[in-house]
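# Structure assessment
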Amino acid sequence: MNAVEGLLREGMLLAALLCFPVLALAATVGTAVAIVQAATQVQEQTLTLLPKVVAVGLMVALFGSAAMGACAALFHHAVSAIPALVYER
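All of these numbers come straight from a predicted model, not from anything done at the bench.

## Things to note about helix α1 (residues 2-40)
Relative to the 57 Å expected for 39 residues at 1.5 Å per residue, α1 spans 56 Å between its end C-alpha atoms, a close match to the ideal helical length. Cys 19 marks the point of greatest bend in α1, at about 25 degrees, and the proline Pro 21 comes within the next four residues. Buried within α1 are the following residues: Gly 6, Leu 7, Leu 14, Ala 26, Val 29, Val 33 and Gln 37. At its buried positions, α1 is contacted by α2 (45-80) and α3 (82-86). Within two residues after α1, Gln 41 carries a phi angle of roughly 60 degrees, on the positive side.

Next comes the structure, spelled out in structure tokens:
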């Protein structure tokens, strides 16, 4: 069970490492837009979505290849661990 637990742990850690920066950026941009909306008293719903979409899109465009490289490395590790998973007792 150690090989399965190790793969699951690595997968969850990679998912957290890939998702947290994007979620933090979206929250930061959303907070900044909310502050600007509160200061200007412009309460338009579409103004909150566009900056977040642009920021997250730019982040994915800039760092997406590194994230896919990390996912590919985990996939190769998981495939190479198949014999250990099959013959583990």
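## Here's the deal with the layout of surface pockets
Its volume calculated, the largest pocket comes out at about 180 Å³. Counting residues per element, the ones that place at least two in the lining of the largest pocket are α1 and α2. With six residues, the single largest contributor to the lining of the largest pocket is α2.

## Focus: the packing of α1 against α2
Relative to each other, α1 and α2 sit at 170 degrees, their axes nearing to 10 Å. In terms of axis orientation, α1 runs roughly antiparallel to α2. Broken down by class, the residue content of the contact of α1 with α2 amounts to 19 nonpolar, five polar and two charged.

## Some points on the state of the cysteines
Applying the stated criterion across every chain, the model contains zero disulfides. With no disulfide partner, Cys 19 has as its closest neighbouring cysteine sulfur the one in Cys 71, 9.2 Å distant. Its relative accessible area of 42% is what places Cys 19 among the partly exposed residues. Residue Cys 71 is classed as partly exposed on the basis of its relative accessible area of 31%.

## Some words on a nonpolar patch on the surface
A cluster of nonpolar residues, Val 4, Leu 8, Met 12, Phe 75, Val 79, Ile 82, Leu 85, Val 86 and Tyr 87, forms a patch on the protein surface that exposes about 910 Å² of accessible area. Among the elements of the structure, α1, α2 and α3 are those that each provide at least two residues to the nonpolar patch. Relative to the assigned elements, Val 79 resides in helix α2.

Parameters at a glance
- Residues numbered from 1 in each chain as written.
- Predicted model: local features only at pLDDT ≥ 70, side-chain atom pairs only at ≥ 80, totals over all residues.
- Heavy atoms only, no water.
- Helix = DSSP H or I, 4+ residues; strand = E, 2+ residues; numbered from the N terminus.
- Expected span 1.5 Å × (residues − 1).
- Bend = angle between axes of the 7 residues up to and from the residue.
- Buried < 20%, exposed > 50% of the residue type's maximum accessible area, 1.4 Å probe, protein only.
- Contact = heavy atoms within 4.5 Å.
- 1 Å grid on protein atoms, 1.4 Å probe; cavity = no way out; pocket = protein on both sides within 12 Å on 5 of 7 lines; lining within 4 Å.
- Points joined across faces, edges and corners; volume = space filled by probe spheres on them.
- Axes fitted to C-alpha atoms, helices over the stretch in contact; angles between N-to-C directions.
- Parallel < 35°, antiparallel > 145°, perpendicular 65-115°, else oblique.
- Nonpolar A, V, L, I, M, F, W, Y, C, P; charged D, E, K, R; others polar.
- Disulfide = S-S within 2.5 Å.
- Patch = residues over 30% accessible without salt bridge, like charges linked within 9 Å, V, L, I, M, F, W, Y side chains within 5 Å.
- Areas by Shrake-Rupley, 256 points an atom, 1.4 Å probe, with all protein chains shown as cover.
- Salt bridge = Lys/Arg side-chain N within 4 Å of Asp/Glu carboxyl O.

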